[in-house]
Amino acid sequence: MDPPVDLKVVKQDILAGIVECEKRCLLQCTKWLAELNHGLGDTPVELRGNSAFENVHSGIEASEYDSYLLAKSYFLVREYDRSAYFTRNCLSPVPKFLHLYATYMSKEKKRLDNMTDSSVVSSVSHAKDFAELLSILRTEHSKDSLDGYCLYLYGVILKKLDLNDIAVRVFVEAINAEPTLWSAWLELAPLVNDKRMLEGLKLPNHWMKSIFEGYTYIELFQNDEGIKIFENLQKNGFGKCIFIPTLLAIAYSNKRDVDRSIDIFQHLQSVDPYRLDNLDSYSNLLFVKDMKTEMSHLAHKVVEINKYSPETCCVVGNYYSIRSDHYKAVMYFQRALKLNPRYLSAWTLMGHEFMEMKNTNAAIQSYRQAVEVNKRDFRAWYGLGQAYEILKMTFYSLYYYKAAQQLRPYDSRMLVALGETYEKLNKVADALKCYQKAYNVGDIEGVALYSMAKLYEKQGETEKAIPAFLKFCSDEKLIADKASLCHAYMTLGNYYEKIEDLDKASYFAYKCLDYEEMKREAESLLKSIANKRAHKATTSAAATAANPSGAGKSTEEEKPTPEGVPAETYGEDMEMDETNLSKRIEVAMAEEEEEQEEEAGTSELAESSDMPEFHMEDSYDVNE
């Protein structure tokens with residue numbers, strides 16, 4: 001839906017929403033609406049006589065007003081039981097909601113305070129804590145006597161008890177009743193499983209719907225759709241609303257456009273220097289880019305702002321992680337979870353730290369809790385796959401990699417991991433499909449082609465492996481794993497030597513001379529190529545002598561340049577290499593003569609020969 005042109009209407013709605021949320025002590029929603037309102041500061045609205053402020057006392061009976069004010073003051077200082085007690089007999093909408101909300105907050109606070117095992121965040125086992133409140137709300141809902149705010153509270157409790165289908169319907173009711181209640185939109189977003197479900201929701205035709213759709217698309221990792229919506233909102237007057245660029249930064253981060261995301265976060269820091277929201281995401285980006293100085297500045301800054309905030313603990317944990325102090329990093333992530341047991345980033349990042357510390361069981365526990373908090377956290381699913389892979393529990397690993405890949409269908413890392421797991425289970429066809437798709441969607445790590453070629457090679461399908469190896473070697477500067485590159489060169493050299501394409505074989509063999517671990521094998525291949533060439537030359541000379549009329553013809557057919565190698569470079573390399581090759585053949589022949597004359601063996605030969613001695617292990621694994 002296109003955002004409204006009349007920003008005055010938007011601002012009027014926001015002001016009315018702030019008043020209603022403030023009366024009901026919905027503090028986070030009030031804060032969000034106030035930030036949105038501040039971003040629309042250039043839109044003038046007449047405050048005197050504004051209808052929004054006429055509703056400051058609406059919904060509160062005169063006889064209940066004193067009790068309401070007392071209860072509200074208790075709620076704001078977190079004395080929830082006292083707040084609920086003094087509104088227990090109130091019937092007007094605002095005090096009634098405050099009573100129910102204070103009761104809920106009291107139950108939730110006690111549940112968290114009494115939690116014997118801080119590593120368990122599931123609410124299902126605590127259904128009895130909310131049973132009485134759930135019964136009241138269910139009864140009221142059946143009578144259609146709940147307003148939008150009470151419906152929101154009812155949905156929150158249903159969601160905590162994993163009654164998600166009912167919760168979705170209740171949240172949609174709440175949103176239709178109160179479109180500016182951002183908390184209801186926010187609770188609904190994680191329950192939307194896909195784009196089809198999002199489009200099927202019966203949401204009001206309100207300007208808030210655009211913000212919700214953009215937010216939910218990013219939650220679903222459909223980042224392009226989300227970016228399009230938020231860029232459109234920016235053009236239509238929401239450019240200064242800090243929430244919009246924050247979500248754009250997260251979307252670009254999801255797309256691995258890290259530099260652009262960091263630029264947006266740095267801009268937000270200059271606009272609102274004391275903001276802590278989403279700084280954990282910013283610190284993750286600094287970690288990825290290994291920006292240690294910036295991470296240090298950020299950690300010191302957040303500690304000065306609020307030492308005991310979950311976001312602060314998370315940033316400091318990342319700071320210690322980038323310094324490879326994993327024990328301290330875990331300590332700070334645990335502090336964040338003491339402050340907020342449902343803080344997703346801390347669970348996932350703590351799992352990463354335990355993996356670094358080789359504590360696989362603790363990592364699995366952390367990742368499981370991350371999934372419990374948010375089932376769409378692909379990093380936690382992927383981490384579980386890696387952990388079970390280390391434990392050699394391949395079927396478990398396959399399950400978790402599949403879950404991660406479903407959340408990120410176009411992420412080549414998930415596809416490669418899935419392919420490797422299929423390969424371990426001898427499901428060759430599935431593995432090849434995964435590698436092929438990983439290459440097609442844009443191989444981030446540059447290993448999909450190599451893995452595919454190796455699998456073809458392992459299956460004895462050399463004709464299929466060679467094109468994959470050639471593609472893999474086509475841009476050697478982009479390949480980080482030089483052992484893989486060297487293996488590919490050696491395989492290609494052996495293949496072309498076998499089919500008598502000696503120019504290509506020689507080219508790839510010379511490439512291997514740059515790698516110490518393959519040098520000896522490459523020289524052996526070059527010697528074999530030289531012998532074949534000498535044999536061909538002898539045979540050709542004999543044929544010429546026997547048939548003088550064909551003397552003018554070329555003794556050897558011209559070989560094509562290997563695929564992916566520039567023709568000029570190939571010719572120059574071969575011209576240079578032929579000289580070296582003749583010297584190597586002379587040295588090799590001299591060595592053979594010495595080997596026949598001397599009784600000392602290969603150790604004396606290595607000392608007396610001009611050829612350097614190459615030390616190798618008994619076996620060589622290209623993946624090491």
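Residues numbered from 1 in each chain as written. Predicted model: local features only at pLDDT ≥ 70, side-chain atom pairs only at ≥ 80, totals over all residues. Heavy atoms only, no water.

- Per an unreviewed UniProt entry, the chain goes by the name Cyclosome subunit 8 and belongs to Anopheles quadriannulatus.
- UniProt, in its Sequence similarities (unreviewed entry) section for the chain, records the words "Belongs to the APC8/CDC23 family." (UniProt positions renumbered as here; feature names shortened; annotations may be inferred.)

Re the packing of helix α8 (residues 148-160) against helix α9 (residues 164-177)
Reasoning step 1: Running from N to C, α8 and α9 cross one another at 160°; their axes reach a closest spacing of 8 Å. As judged from the angle between their axes, α8 and α9 are roughly antiparallel. Classified by chirality, the crossing of α9 by α8 is left-handed. Facing α8, whose interface residues are Gly148, Leu151, Tyr152, Tyr154, Gly155, Val156, Leu158 and Lys159, α9 presents Asn164, Ile166, Ala167, Val170, Phe171, Glu173, Ala174 and Ala177.
Reasoning step 2: Residues that form the contact of α8 with α9 fall into these classes: eleven nonpolar, three polar and two charged. (Axes fitted to C-alpha atoms, helices over the stretch in contact; angles between N-to-C directions. Helix = DSSP H or I, 4+ residues; strand = E, 2+ residues; numbered from the N terminus. Parallel < 35°, antiparallel > 145°, perpendicular 65-115°, else oblique. Left-handed = near helix turned anticlockwise from the far one by under 90°. Contact = heavy atoms within 4.5 Å. Nonpolar A, V, L, I, M, F, W, Y, C, P; charged D, E, K, R; others polar.)

Observations concerning empty space enclosed by the protein
Reasoning step 1: Throughout the structure, instances matching the rule amount to one cavity of 30 Å³ or more.
Reasoning step 2: The volume enclosed by the largest cavity comes to roughly 60 Å³.
Reasoning step 3: Lining of the largest cavity is provided by Thr246, Phe265, Leu268, Gln269, Asp272, Arg275, Asp277 and Leu279.
Reasoning step 4: When residues in the lining of the largest cavity are grouped by element, the largest group, three residues, is from helix α15 (residues 258-271). (1 Å grid on protein atoms, 1.4 Å probe; cavity = no way out; pocket = protein on both sides within 12 Å on 5 of 7 lines; lining within 4 Å. Points joined across faces, edges and corners; volume = space filled by probe spheres on them.)

Some thoughts on the pattern of salt bridges
Reasoning step 1: Within this structure, the stated rule accounts for 21 salt bridges.
Reasoning step 2: In this structure, Asp277 engages Lys31 in a salt bridge whose closest nitrogen and oxygen atoms are separated by 3.0 Å. On the criterion of sequence distance, the pair formed by Asp277 in the loop between α15 and α16 (279-288) and Lys31 in helix α2 (residues 27-39) is long-range, its members being 246 residues apart.
Reasoning step 3: On the basis of relative accessibility, which here comes to 35%, the residue Lys31 falls in the partly exposed class.
Reasoning step 4: Across the salt bridge formed by Lys289 and Asp259, the nearest N and O atoms sit 3.1 Å from each other. You can see Lys289 sitting in the loop between α16 and α17 (292-305) and its partner Asp259 sitting in helix α15, a full 30 residues away along the chain.
Reasoning step 5: Several salt bridges share partner residues, and in doing so they unite Glu20, Lys23, Arg24 and Asp147 into one network. (Salt bridge = Lys/Arg side-chain N within 4 Å of Asp/Glu carboxyl O. Buried < 20%, exposed > 50% of the residue type's maximum accessible area, 1.4 Å probe, protein only.)

Observations concerning the packing of aromatic side chains
Reasoning step 1: Applying the stated criterion to the full structure yields 32 aromatic pairs.
Reasoning step 2: A centroid spacing of 6.5 Å and a plane angle of 10° characterise the contact between Tyr101 and Tyr104, whose relative ring orientation is stacked. Of this pair, Tyr101 and Tyr104 both sit in helix α6 (residues 93-113), three residues apart, which is roughly one turn of that helix. As far as burial versus exposure is concerned, Tyr101 and Tyr104 are alike and both buried.
Reasoning step 3: Between Trp182 and Tyr215, the aromatic rings sit 6.0 Å apart at their centres with planes inclined by 80°, giving edge-to-face as the arrangement. Of this pair, Trp182 sits in helix α10 (residues 182-188) while Tyr215 sits in helix α12 (residues 208-219), placing them 33 residues apart in sequence. In terms of burial, Trp182 and Tyr215 fall into one category: buried. (Phe/Tyr/Trp six-rings, centres within 6.5 Å; stacked < 30°, edge-to-face > 60°.)

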